[in-house]
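Examining the three-dimensional arrangement
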Amino acid sequence: MRKTTTFALLATALIALGCGAGATDEAGSAGGDTAAKGEDKPAKTAKIGQAARDGKFEFTVKSNKCGVAKVGSDLLGDKAQGQFCLVTVNVKNIGKEAQTLDGSSQKAFSADGTEYSSDTEAGLYANKDGSTFFEEINPGNQVTGVFVFDIPKNVKLTKLELHDSAFSGGVTVALS
């Protein structure tokens, strides 16, 4: 079962890279407000509950829950190496064409700047409907799902860097 899951994740990741290869960072050009404030870096850091735009996506972090040891069911699930942090995010497509949300493009950071990648396998178990793993979102539509990060037990996440694709500049959201 583990080999099948790993193979499926690898195949999906390769497809995601192929689909995103022609993507461009359109921060602000799809109705975002970052172009008006300068395109050098994200204009500001959003907070939980505030909308933040990167390219064709508008992200709103709804909640952040750390200290979770396992996601999924007793039969199908994933155990944390340290602790899981579950970040619930609403993602809206603000562009004029479909865009694929890739959970593996999302990053989290601790206070000392250590970067943590999203755990896509745990994300599959945390999202019964698969809302944050390779979900295509049409213009004007939105999904809400959970990004999962497996971090050491003694670490606290302080911010997220959310991306509309693997190649976009990202937008920062403070978690505290």
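Criteria and thresholds
- The residue count restarts for each chain, going from 1 along the sequence in the order it is written.
- Local features are withheld for residues below a pLDDT of 70 in this predicted model, meaning they are given only at 70 or higher, and side-chain atom pairs are given and counted only at 80 or more; totals for whole chains, interfaces and linings count all residues.
- Each side-chain value is derived from all of the structure's non-hydrogen atoms; neither hydrogens nor water enter the calculation.
- Note that a disulfide, as used here, is simply two cysteine sulfur atoms within 2.5 Å.
- Every helix listed is a DSSP run of H or I at least four residues long, and every strand listed is a run of E at least two residues long, numbered separately from the N terminus.
- Only protein chains enter the accessibility calculation, which uses a 1.4 Å probe; a residue is then buried when its area is under 20% of its type maximum, exposed when over 50%, and partly exposed in between.
- We call two strands paired when DSSP finds no fewer than two bridges between them.
- We define a salt bridge as a side-chain nitrogen of Lys or Arg found within 4 Å of a carboxyl oxygen belonging to Asp or Glu.

**Quick look at the state of the cysteines**
As enumerated under the stated definition, the model contains one disulfide in all. A sulfur-sulfur distance of 2.0 Å marks the disulfide that ties Cys66 to Cys85. Disulfide Cys66-Cys85: the torsion about the S-S bond is 115°, which places it as right-handed. Within this pair, whereas Cys66 is found in strand β3 (residues 57–72), its partner Cys85 is found in strand β4 (residues 77–93), the two being separated by 19 residues in sequence. Assessed through its relative accessible area of 0%, Cys85 is described here as buried.

**Examining the sheet that holds strand β7 (residues 115–117)**
One open sheet accounts for five strands, arranged β1-β11-β10-β6-β7; its pairing is mixed. The open sheet is flanked by β1 (46–47) and β7, the only strands paired with a single partner. Sheet analysis places strand β6 (residues 107–110) next to strand β10 (residues 157–162), joined by four bridges and oriented antiparallel. The residue of β10 that forms the bridge with Lys107 is Glu161.

**Some remarks on the pattern of salt bridges**
Within the structure shown, the criterion is met by five salt bridges. In this structure, the salt-bridge partner of Lys70 is Asp74, at a minimum N-O distance of 3.9 Å. Taken together, the shared-partner salt bridges in this structure form one network comprising Lys107, Glu115 and Glu161.

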